[in-house]
Amino acid sequence: MSVELQERTEGTAVEGEALTDGFHLLIDALKMNDLNTIYGVPGIPITDFGRLAQANGIRVLSFRHEQHAGNAAAVAGYLTKKPGVCLTVSAPGFLNGLTALANATTNCFPMILLSGSSEREIVDLQQGDYEEMDQLAIAKPLCKAAFRVLHAEDIGIAVARAIRAAVSGRPGGVYLDLPAALFGQTMNAVAGAQSLVKVIDPAPRQLPGPEAVDRALNVLKSARKPLIILGKGAAYVQEDETIKKFVETSGIPFLPMSMAKGLLPDSHPQCAAAARSLVLKEADVVVMLGARLNWLLSHGKGKSWGEPGSKKFIQLDIEPQEMDSNVEIAAPLVGDLGSSLQLMLQGMDNSWKQPPVAWLDTVYAKRDANVAKLTQRVGADTTPMDFSTALGALREIIADRPDAMLVNEGANTLDFARSIINMSEPRKRIDVGTWGIMGIGMGAAVAAAVETGNQVLAVEGDSAFGFSGMEIETICRYNLPVCIVIFNNNGIYRGTDENPTGGEDVAPTVFVKDSRYELMMQAFGGEGIYATSRDELTKAVVNAMDSGKPTLVNAIIDENAGTESGRIGNLNPQSVVKK
Ligand code: FYN
Ligand code: ADP
Ligand code: MG
């Protein structure tokens, strides 16, 4: 919408000329590219931009801290394949958003961080402006691309570049630096409209070469013990039917990484999630679909992968530099996953041989044994609840609600939930991702509710919840269908550590015992429930998910339950010096 005749900021006003300005050009550029939601925190110099964006039909969700707004934008990008948009003030607000931008880039989630900033001439002379910081320089190493806009007529191109950078190739975070004066710049409305760009095909298909496809098929044909590993890149691409067809045509067991759970149901006959150690150790050919051989897969080497050199890797990824990142890739297939799999399938004619029965029998026997053991564990009803009892209840609720979005973070709360709560549909589980970052919970819950409209169940360790807990006011303010379950075991990992000095301070990992988190939710008008048993937990969560009301369930977990750092305690250095 153009601005009626005002004094031009540059030159003289022309009688009757219709003007536009930086505020409206940015709004129009976002809307033109179907970016209709902004997650942010108001403040100088972007408060009015947020108001005008809302007035012009963009949904603007205000958070209490920019990191959680940024996490919401990143998750929105993951769920929609359009860049999520986060809006922050300059310097400290920008820095708060930067953690989320860097995390998005690490996760390969597309998002754009829009931050107000100080004028260049003041920053470059370091003259001590309000919230002065060279934000562009600081952002560049932490995201996929970073741009600054100085002139209103460049806003259209800047937004187009930011969108294309965020979603093309390997998706990631993009920073757009907006000096305060830009918003008030005016220009002729017609010229302004002509300066805007609707991005054409921002994430073009990228096909691998035929020789790469042939090479991959030949390596796969040689396999006696093949394995497919599905990563969150495979979930992100929304090529669900092609992925399912490839897995089922191949007959190969698959292992889903945590956010790839549900691409094919965890109950699928070829799912090997419950035989993880065996398949990683014994497989002779491993097909990586949108997954990286990083720390989550022990870098593709070491004792969990069997004898050195005992495996051949086929890797399908859009990022060429991902190949050979940790170990040699025998068959690199660089391209978008959908195109690559379609070409692979074309080469898997009906003469395609299924994996040897002996391998399948071995894998599925181990899987079934582990499933049986876990099923027994989760059937227990201990008081106070342990992780298995509480998660056994949530497992049943999620099984009955395949559309529900599951957000999960913590240490034990994350690791136990990953194997106990089965997923049956793609992109329904959002967790700590590649970094293993704490604090994604409430931002992810907001985005999951806003972008899908589905009920959200956020299963949070009490420590993890603390990183974003103030956002329950945001959830109540927008009346979002989010049920938060806090696994309250009085501390980080557990609540039993002691201060060895006997001093008054509690141990560094211990919280206030029996914290009444549910009263926080009641303070903001949400439902707050204190649950000490499986039945109370079940009832509270079922009611919350049936009602769609913002709810927080304080699930009391035995403070002795849990292990240090969950299943990654091995990453902790141990002091050998006893003082
Ligand atoms: C898995 N398992 C199961 C099932 N799923 N058994 C029965 N039923 C089901 N459904 C088995 C699986 O085969 C393994 O047994 C075991 O359970 C663990 O499986 P998991 O959790 O999938 O695998 P594992 O070994 O923990 O994977 C390593 C990891 C994972 C690093 C990928 O721990 C992870 O993603 N950690 C993230 C940690 C993190 O980011 N934390 C946040 C910061 S916490 P076996 O096959 O017999 O071994 C800060 O402190
Ligand atoms: P996980 O942690 O689940 O193993 P990662 O985040 O490590 O998953 O890996 C995701 C991979 O998916 C990244 O290497 C990324 O380049 C890749 N990827 C993202 N989009 C595509 C796409 N369209 N086609 C192929 N690979 C993709
Ligand atoms: Mg805890």
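Below: a short report on this structure. Note that this is a predicted model, so its numbers are computed, not measured. (Residues numbered from 1 in each chain as written. Chains lettered and ligands numbered in written order. Predicted model: local features only at pLDDT ≥ 70, side-chain atom pairs only at ≥ 80, totals over all residues. Heavy atoms only, no water.)

1. Points about the nonpolar core
Counting 130 residues, the largest nonpolar core has Leu30, Tyr39, Leu176, Ile243, Phe246 and Ile484 as its most contacted members. Ranked by the residues each element gives to this core, the list is headed by helix 7 (residues 155-167), at 9 residues. For Ile243, the residues in contact, after removing those within four places along its chain, are Leu230, Ala234, Val237, Leu263, Leu264, Leu337 and Leu341. One finds Ala390, Met423, Val485 and Ala540 within the second-largest nonpolar core, a separate group that totals 31 residues. (Core = buried A, V, L, I, M, F, W, Y, C linked by side-chain atoms within 4.5 Å. Buried < 20%, exposed > 50% of the residue type's maximum accessible area, 1.4 Å probe, protein only. Helix = DSSP H or I, 4+ residues; strand = E, 2+ residues; numbered from the N terminus. Contact = heavy atoms within 4.5 Å.)

2. Things to note about helix 15 (residues 357-378)
Along its 22 residues, helix 15 runs 31 Å from first to last C-alpha, staying within 8% of the 32 Å computed at 1.5 Å per residue. Restricting attention to buried positions, one finds in helix 15 the residues Trp359, Leu360, Val363, Tyr364, Arg367, Leu374 and Val378. Projection of helix 15 onto a plane perpendicular to its axis shows the buried side chains occupying an angular sector of 100 degrees, all on one side. Turned more than 90 degrees from where helix 15 packs its buried face, Val357, Ala358 and Gln376 sit exposed. If you follow the buried residues of helix 15, they end up packed against strand 9 (226-230), helix 13 (276-282), helix 16 (387-400), helix 17 (412-420) and helix 22 (534-547). (Expected span 1.5 Å × (residues − 1). Arc of directions from axis to C-beta.)

3. Brief notes about the side chain of Lys428
Looking at the secondary structure, you find Lys428 in the loop between helix 17 and strand 15 (429-430). Judged by relative accessible area, which is 12%, Lys428 ranks as buried. Setting aside residues up to four positions removed in sequence, Lys428 forms contacts with Pro402, Asp403, Ala404, Met405, Leu406, Met423 and Asn454.

4. Quick notes on the site of ligand 1
The full set close to ligand 1 counts 24 residues, and Ala274, Ser277, Arg418, Ser419 and Arg567 are the nearest of them. Ala275 places a main-chain nitrogen or oxygen 3.5 Å from an oxygen atom of ligand 1. Sorting elements by how many residues they give to the shell around ligand 1 places helix 17 first, with 4 residues. Residue classes in the shell around ligand 1 are distributed as 13 nonpolar, 7 polar and 4 charged. Of the residues that make up the shell around ligand 1, three or more belong to each of domain 2 (210-365) and domain 3 (379-570). (Near = heavy atom within 4 Å. Polar contact = N/O pair within 3.5 Å; in protein donor to acceptor, adjacent residues only side chain to side chain. Nonpolar A, V, L, I, M, F, W, Y, C, P; charged D, E, K, R; others polar. Domains from an automatic or database assignment.)

These figures come from the coordinates and say nothing about function on their own.
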